[in-house]
Amino acid sequence: MSLQLNRSSFGDQKNAGNVLTKKEANQLLDDWVKNGRLQLHMKQVAHLMKCWAAEKEGLNEADQWRWEMAGLLHDADWDQWPELHCKKIIEELEARNIDPEIIRAIASHGPNHFGVHPETKMDKMLFAFDELSGLTHAYSLMRPEGYAGMELKGIKKRFKEKAFAANVNREEIIDAMNRAGVELEAIMQFIIERQGEAK
Ligand SMILES: [Fe+2]
């Protein structure tokens with residue numbers, strides 16, 4: 001099954017700045033994603049994107065929401081239409097005249113699957129957070145205290161254990177960090193500190 005998008009341009013520049021309201025985005029999430037675990041993953045990535053936009057990029061609230069929205073909807077079609085993964089949500093957001101930067105970030109969140117390379121900082125951070133967020137969540141589930149008291153050395157150890165969360169592609173994570181120009185440990189620490197806040 002190929003998920004290659006075979007396109008390089010997404011959305012329309014005249015729609016720059018157009019977003020869904022939080023209510024509309026959450027409605028889309030609820031309508032499309034019935035799997036609670038996947039919903040939580042998307043909310044976690046959304047929270048990380050928002051926090052990073054605010055704290056590391058110094059972006060205003062409108063831009064923070066654009067980053068958050070990309071995170072919130074990046075896997076929206078995975079639950080019900082895995083064979084159309086990425087294509088379906090992109091076309092939905094294009095039909096709703098959404099900001100092309102948000103659509104592009106979603107299109108490039110798996111360059112090895114969709115064939116679209118992350119270019120903007122929003123693109124790169126979405127790719128960087130996606131898999132590592134999942135690995136960190138898996139680690140939280142095996143700790144009685146969840147995220148509380150989680151340490152960097154713990155997640156580094158799990159990262160090196162290939163059998164732990166074996167479906168998480170470590171090479172892809174390293175690739176994502178290199179593309180984003182951020183240190184793996186810095187992102188791990190950021191996720192440890194912020195991911196537990198997402199509900
Ligand atoms: Fe994801």
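Residues numbered from 1 in each chain as written. Predicted model: local features only at pLDDT ≥ 70, side-chain atom pairs only at ≥ 80, totals over all residues. Heavy atoms only, no water.

Would you mind showing me how to read the coordination of the iron ion here?
The expected angle between donors at a tetrahedral four-coordinate metal is 109.5 degrees. At an octahedral six-coordinate metal it is 90 or 180 degrees. Donor atoms from the polypeptide that coordinate the iron ion comprise His-41 (NE2), His-74 (NE2), Asp-75 (OD) and Asp-130 (OD), at 2.1 to 2.2 Å from the metal. Bound by four donor atoms, the iron ion shows angles of 85 to 177° at the metal and therefore irregular coordination geometry. Sequence spacing of the donor residues for the iron ion, all on one chain, is H-x32-H-D-x54-D. In this pair, His-74 is assigned in the loop between α3 (61-73) and α4 (87-95) and Asp-130 in helix α7 (residues 121-141), connecting sequence segments 56 residues apart. Each member of the pair, His-74 together with Asp-130, is buried. (Donors = N, O, S within 2.8 Å, 3.2 Å for Na, K, Ca; no water. Tetrahedral: all angles 85-135°; square planar, octahedral: opposite > 155°, others 65-115°. Helix = DSSP H or I, 4+ residues; strand = E, 2+ residues; numbered from the N terminus. Buried < 20%, exposed > 50% of the residue type's maximum accessible area, 1.4 Å probe, protein only.)

How should I be thinking about the packing of aromatic side chains in this particular structure?
The way to describe two aromatic rings as a pair is by their centre distance and the angle between their planes. Inspection of every chain in the model, using the stated rule, returns four aromatic pairs. For the pair Trp-32 and Trp-81, a centre-to-centre distance of 4.9 Å together with 70° between the ring planes defines the contact as edge-to-face. Residue Trp-32 is found in helix α1 (residues 22-32), and its partner Trp-81 is found in the loop between α3 and α4; the two are separated by 49 residues along the sequence. Linked through ring pairs, Trp-52, Phe-129 and Phe-190 together constitute an aromatic cluster. Sitting over the ring of Trp-32, Lys-88 keeps its end group 5.4 Å from the ring centre. Here the guanidinium or amino end of Arg-158 rests over the ring plane of Phe-164, the centre of that ring lying 5.9 Å away. (Phe/Tyr/Trp six-rings, centres within 6.5 Å; stacked < 30°, edge-to-face > 60°. Lys NZ or Arg CZ within 6 Å of the ring centre and 35° of its normal.)

Looking at this model, I keep getting lost on helix α5 (residues 100-107). Mind explaining?
Note: α-helices contain 3.6 residues per turn, so residues at a spacing of three or four share the same orientation. Judged by how many residues are buried, α5 sits mostly within the fold: seven of eight residues are covered. Within α5 the residues assigned to the buried category are Pro-100, Ile-102, Ile-103, Arg-104, Ala-105, Ile-106 and Ala-107. Buried residues in α5 make contact with α3, α4, α6 (111-114) and α7. Of the residues that open α5, the one with a side-chain oxygen 2.8 Å from the backbone nitrogen of Glu-101 is Asp-99. (Contact = heavy atoms within 4.5 Å. Polar contact = N/O pair within 3.5 Å; in protein donor to acceptor, adjacent residues only side chain to side chain.)

Explain α7 to me, please; I cannot follow it from the model alone.
Taking 1.5 Å of rise per residue, 21 residues should cover 30 Å, and α7 covers 30 Å from first to last C-alpha, within 8% of that figure. Approximately 25° is the largest bend angle found in α7, and it occurs at Leu-132. With respect to burial, α7 is a largely interior element, 15 of its 21 residues being buried. (Expected span 1.5 Å × (residues − 1). Bend = angle between axes of the 7 residues up to and from the residue.)

The values reported here are purely geometric and, on their own, carry no functional implication.
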